[in-house]
Amino acid sequence: DAKTTQPNSMESNEEEPVHLPCNHSTISGTDYIHWYRQLPSQGPEYVIHGLTSNVNNRMASLAIAEDRKSSTLILHRATLRDAAVYYCILRVGGDSGGSNYKLTFGKGTLLTVNP
Amino acid sequence: DTEVTQTPKHLVMGMTNKKSLKCEQHMGHRAMYWYKQKAKKPPELMFVYSYEKLSINESVPSRFSPECPNSSLLNLHLHALQPEDSALYLCASSQIIHGGRENYGYTFGSGTRLTVV
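Note that the structure is a prediction, hence the values are computed from the model and not measured. (Residues numbered from 1 in each chain as written. Chains lettered and ligands numbered in written order. Predicted model: local features only at pLDDT ≥ 70, side-chain atom pairs only at ≥ 80, totals over all residues. Heavy atoms only, no water.)

### Observations regarding unusual backbone geometry
Residue and element names in this part refer to chain B. We count it as follows: Numbering of helices and strands runs from the N terminus; a helix is a DSSP stretch of H or I covering at least four residues, while a strand is a stretch of E covering at least two. Relative accessible area decides the class of each residue, using a 1.4 Å probe on protein chains only: under 20% of the type maximum gives buried, over 50% gives exposed, and in between gives partly exposed.
That bond from Thr 7 to Pro 8 is cis: its omega, -10 degrees, falls within 30 degrees of zero. Topologically, Pro 8 is positioned in the loop between β1 (4-7) and β2 (10-13). The phi angle at Ser 59 is positive, at roughly 55 degrees, despite the residue not being glycine. Positionally, Ser 59 belongs in the loop between β6 (53-57) and β7 (64-70). Of the residues examined, Ser 59 reaches a relative accessible area of 72% and is grouped as exposed.

### As for the packing of aromatic side chains
Keep this limit in mind: Classification of ring pairs uses Phe, Tyr and Trp, with its six-membered ring standing for Trp, and accepts pairs whose centres are within 6.5 Å; under 30 degrees between planes counts as stacked, over 60 as edge-to-face, and the remaining range as tilted.
This model, assessed by the stated rule, comprises 9 aromatic pairs over all chains. Pairing A:Tyr36 with B:Phe108 gives two aromatic rings, centres 6.0 Å apart and planes at 80 degrees, and the pair type is edge-to-face. A residue pair is termed interchain when its members come from two chains, as with A:Tyr36 in strand β3 (residues 32-38) and B:Phe108 in strand β10 (residues 107-108). Residue B:Phe108 is classed as buried on the basis of its relative accessible area of 10%. Residues A:Phe105 and B:Phe108 carry aromatic rings whose centres are separated by 5.9 Å and whose planes lie at 75 degrees to one another, so their mutual orientation is edge-to-face. A residue pair is termed interchain when its members come from two chains, as with A:Phe105 in the loop between β9 (102-103) and β10 (109-114) and B:Phe108 in strand β10. Take A:Phe105: its relative accessible area is 9%, and that puts it in the buried class. Through pairs of rings, three or more aromatic residues link up here, namely A:Tyr36, A:Tyr46, A:Tyr87, A:Phe105, B:Tyr35 and B:Phe108.

### Side note on the pattern of salt bridges
Keep this limit in mind: The salt bridge definition used is simple: a Lys or Arg side-chain nitrogen within 4 Å of an Asp or Glu carboxyl oxygen.
Within the structure shown, the criterion is met by 7 salt bridges over all chains. Here A:Arg77 makes a salt bridge to A:Glu15, at a shortest N to O gap of 3.2 Å. Here A:Arg77, found in the loop between β7 (70-75) and β8 (84-92), pairs with A:Glu15, found in the loop between β1 (9-13) and β2 (18-23); they are 62 residues apart in sequence, far enough to count as distant. Here A:Arg77 falls in the exposed class, since its relative accessible area comes to 54%. On the accessibility criterion, A:Glu15 (53% relative accessible area) is exposed. In this structure, B:Glu52 and B:Arg30 form a salt bridge, with 2.9 Å as the shortest nitrogen-oxygen distance. With B:Glu52 in the loop between β5 (44-50) and β6 and B:Arg30 in the loop between β3 (18-25) and β4 (31-37), the pair connects residues that are 22 residues apart, well separated along the chain. Accessibility expressed as a relative area gives 26% for B:Glu52, which makes it partly exposed. Taking relative accessible area as the criterion, B:Arg30 reaches 32% and is therefore assigned partly exposed. Each of A:Arg37, A:Glu45 and A:Asp82 takes part in salt bridges that share partners, so that together they form one network.

### Brief notes about the nonpolar core
For the record, the criterion: Here the nonpolar core consists of buried residues drawn from Ala, Val, Leu, Ile, Met, Phe, Trp, Tyr and Cys, with membership extended through side-chain atoms lying within 4.5 Å. It only takes one pair of heavy atoms within 4.5 Å for two residues to be counted as in contact.
Grouped together as the largest cluster of nonpolar side chains are 22 residues, with contacts concentrated most on B:Trp34, B:Phe64, B:Leu76 and B:Leu78. For this core, the secondary structure elements donating two or more residues are β2, β3, β4, β5, β7, β8 (73-79), β9 (87-94) and β11 (112-116) of chain B. Not counting residues within four places of it along the chain, the set of residues in contact with B:Leu76 comprises B:Lys19, B:Ser20, B:Leu21, B:Trp34, B:Met46, B:Phe47, B:Phe64, B:Ser65, B:Pro66 and B:Tyr89. In terms of nonpolar packing, the next biggest core, distinct from the first, is built from 21 residues, A:Ile48, A:Ala60, A:Ile64 and A:Leu73 among them.

### So, the sheet that holds β3(B)
Residue and element names in this part refer to chain B. The following threshold applies: In this description, strands pair whenever DSSP reports at least two bridges between them. Fitted lines through C-alpha atoms give the axes, limited to the stretch in contact for helices. The angle between two N-to-C directions lies from 0 to 180 degrees.
Pairing in this open sheet of 4 strands is antiparallel, and the strands run β1-β3-β8-β7 from one edge to the other. The outermost strands of the open sheet, each flanked by one partner alone, are β1 and β7. Averaged over neighbouring strand pairs, the angle between their axes works out to 20 degrees when direction is ignored.

This is the structure in structure tokens:
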């Protein structure tokens, strides 16, 4: 499985933007880049995903490097509720039928948001 | 309904007990997953079901037995567990799109916190 590398922890101040980096130098052409976050005592929550182009949704933006070897999750205005572990994951493809897609978690980045 | 519901939320069982974890979703997702998460560690994939058939078993010990009775329900049967099996067990689901072009995220439940005594 292609691996991702993230900083162990990052700190941010409330209402400031946060840029969470992820390196995935061995990404293959068909791997999607997924981001999930996990708040304390909860299951992981889908944040965003993309393939080649930058993506935006109501939660965050995903900026993907042109060579796809790195990506950045952008939280535009951090709130205390954004404090969580953020996982950058490459969604590995399975058989041609599309039925076996594994999501393998790495260690993630623990984001602390200061009031 | 956009949720994955897991029951029970907490479970304490002895090493000789038999218990089951239940996971339910009504989003029409045809792929369902079991993950195990130890404290301060990332979730680890255990099983993948697609179209109600087991498609991936990540070398999980036979004391864990998954079952997918229908497209909305996923069970994990537990028997003769060890204390080191104590963990948060997470269920997830996702859509399957044919042609190898999947572009949806996974939806996770809140998990069952299992303690084996």
